[in-house]
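Structural overview
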Amino acid sequence: MRQVIILLIVVFLFSVPQSIHAEETTSLHTWKELNHTSDQILQLVKQENFEEAKQLLDYFSVSFLEVDFQEEGITMSSLRTVTSSFEKAVEAVTAIEMPLDQRIFTVTAFRLAIDALSSDHHPLWLHSEKSVMSAITTMKEAIEQGETQAFQHRFNEFQRHYDMIRPALFIDIEPQHLQRIDSQITFLERIRTESLDEDKVMSHLEIMEEEWMDLYQRIKEDSADPSLWWVMFTIGGMIIMSLSYVGWKKYRAEKQKVRVKE
């Protein structure tokens, strides 16, 4: 009986991934293709192949419009965000004069927005954590050392990172949370143009740091694949049942031995 239970667990382990894969829908395939296309566009821009990038943007536009937005549960605000990011990406690849880094920055924002719209688990913008948190840390260091000019430079860097991931954040997080982040950045923007109160700025940076740490941590937890948790709990339950059965059987055997001795 013990061997049978173990065999069932092994069969279950191999069958679950296959069943999950078998349930992939046409919709998921479409999103995967759109996500891949947006990544190709970004790579072409990095290679300064703007003509081909524009052609892929045209192809993306046609494919994107074939999606049933209502059926997919895509909100109008998310659509407006993607549309705005798309238009800026088109401008970036067709502009006569625009620095390459600005083109890459703009198309990256578009890429992250598409990924946020199409990915349920671990969106790409989470990879910005190191850059954003580092920018906040260096701002704090500049204030501690009384280096006003360095602080202004670091703040500009932080704002640049934020502008790049904001479309994706608009899609992925609650409006009230995004509004709180926007307000904190606006406040910092205002007080840095005044006579810089170092204690006030430092206090505000610590609040911002905590806010961003909480955001990244929460999204990481929320974006864990639920199917994986289901597999873990189910397998765990089967293992516990198996061990319980073996323990019960051993208990019965020991009890039987006692009876025989008596």
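Residues numbered from 1 in each chain as written. Predicted model: local features only at pLDDT ≥ 70, side-chain atom pairs only at ≥ 80, totals over all residues. Heavy atoms only, no water.

1. Focus: the overall build of the protein
Broken down by element type, the protein carries 11 helices and 0 strands. Ordered by position from N to C terminus, the α and β elements of the protein give α-α-α-α-α-α-α-α-α-α-α. Every one of the 262 residues in the protein was classed for burial, and the buried ones make up 37%. Within the protein, residue pairs in contact and separated by at least 24 positions form 74% of the contacts whose partners lie at least 6 positions apart. For the protein, the accessible surface area stands at approximately 16,300 Å², while carbon and sulfur atoms represent 56% of it. (Helix = DSSP H or I, 4+ residues; strand = E, 2+ residues; numbered from the N terminus. Buried < 20%, exposed > 50% of the residue type's maximum accessible area, 1.4 Å probe, protein only. Contact = heavy atoms within 4.5 Å. Areas by Shrake-Rupley, 256 points an atom, 1.4 Å probe, with all protein chains shown as cover.)

2. What to know about the packing of aromatic side chains
Following the criterion strictly, the structure yields 11 aromatic pairs and no others. Measuring from ring centre to ring centre gives 5.8 Å for tyrosine 162 and tryptophan 212, while their planes differ by 90°; the resulting arrangement is edge-to-face. Within this pair, whereas tyrosine 162 is found in helix H8 (residues 148-172), its partner tryptophan 212 is found in helix H10 (residues 198-222), the two being separated by 50 residues in sequence. In this structure, tyrosine 162 and tryptophan 212 share a single accessibility class: buried. Here arginine 103 stacks its cationic end above the ring of phenylalanine 50, 4.4 Å away from the centre of that ring. A cation over an aromatic ring shows up here: arginine 160 above the ring of phenylalanine 105, its NZ or CZ 4.7 Å from the ring centre. (Phe/Tyr/Trp six-rings, centres within 6.5 Å; stacked < 30°, edge-to-face > 60°. Lys NZ or Arg CZ within 6 Å of the ring centre and 35° of its normal.)

3. Regarding the confidence of the model for the protein
Within the protein, residue pLDDT values average 81, and 74% of them lie at 70 or more. Counting interchain partners and residues more than four positions distant, the pLDDT-below-50 stretch residues 2-24 has 16 contacts. In this model, residues 225-243 is a region of pLDDT below 50 whose contacts with residues beyond four sequence positions or in other chains number 16 contacts. (pLDDT = per-residue confidence, 0-100.)

4. With respect to the pattern of salt bridges
Where charged atoms of side chains with opposite charge meet at close range, the side chains can pair. Under the definition given, this model contains 10 salt bridges. A salt bridge links lysine 54 to aspartate 58; the nearest nitrogen and oxygen atoms lie 2.8 Å apart. Residue lysine 54 and its partner aspartate 58 are both found in helix H3 (residues 50-65); the two are separated by 4 residues, about one turn of the helix. When its relative accessible area of 24% is taken as the criterion, lysine 54 is described as partly exposed. What makes aspartate 58 partly exposed here is its relative accessible area of 38%. In this structure, lysine 140 engages glutamate 209 in a salt bridge whose closest nitrogen and oxygen atoms are separated by 2.8 Å. Taken together, the positions of lysine 140 in helix H7 (residues 129-144) and glutamate 209 in helix H10 put the pair 69 residues apart, joining distant regions of the chain. Each member of the pair, lysine 140 as well as glutamate 209, carries the same accessibility label: buried. (Salt bridge = Lys/Arg side-chain N within 4 Å of Asp/Glu carboxyl O.)

5. Some words on the environment of serine 118
Its location among the elements puts serine 118 in helix H6 (residues 100-118). The buried category is assigned to serine 118, whose relative accessible area is 19%. Beyond its immediate sequence surroundings of up to four residues, serine 118 is in contact with Trp31 and Asn35. A distance of 2.9 Å separates a polar atom in the side chain of serine 118 from the backbone oxygen of isoleucine 114. (Polar contact = N/O pair within 3.5 Å; in protein donor to acceptor, adjacent residues only side chain to side chain.)

6. Some thoughts on H8
Given a rise of 1.5 Å per residue, 25 residues ought to cover 36 Å, and the 34 Å separating the end C-alpha atoms of H8 matches this to within 8%. The sharpest bend along H8 reaches about 45° and sits at arginine 166, with the proline proline 167 one to four residues further on. Where H8 is buried, its residues touch helix H5 (76-94), H6, H7, helix H9 (175-193) and H10. (Expected span 1.5 Å × (residues − 1). Bend = angle between axes of the 7 residues up to and from the residue.)

7. Observations regarding the nonpolar core
Counting 63 residues, the largest nonpolar core has Phe64, Trp125, Phe158, Leu169, Leu188 and Trp212 as the members making the most contacts within it. Looking at this core, the elements with two or more residues in it are helix H2 (26-46), H3, H5, H6, H7, H8, H9 and H10. Apart from residues no more than four positions distant in its own chain, tryptophan 212 is found in contact with Val132, Met133, Ile136, Phe158, Tyr162, Ile165, Leu169 and Ile181. (Core = buried A, V, L, I, M, F, W, Y, C linked by side-chain atoms within 4.5 Å.)

8. Concerning the environment of leucine 205
Topologically, leucine 205 is positioned in helix H10. Given the relative accessible area of 0%, leucine 205 is considered buried. Non-local contacts of leucine 205, meaning those with residues more than four positions away in its chain, are made with Ile136, Met139, Lys140, Ile143, Phe151 and Leu188.

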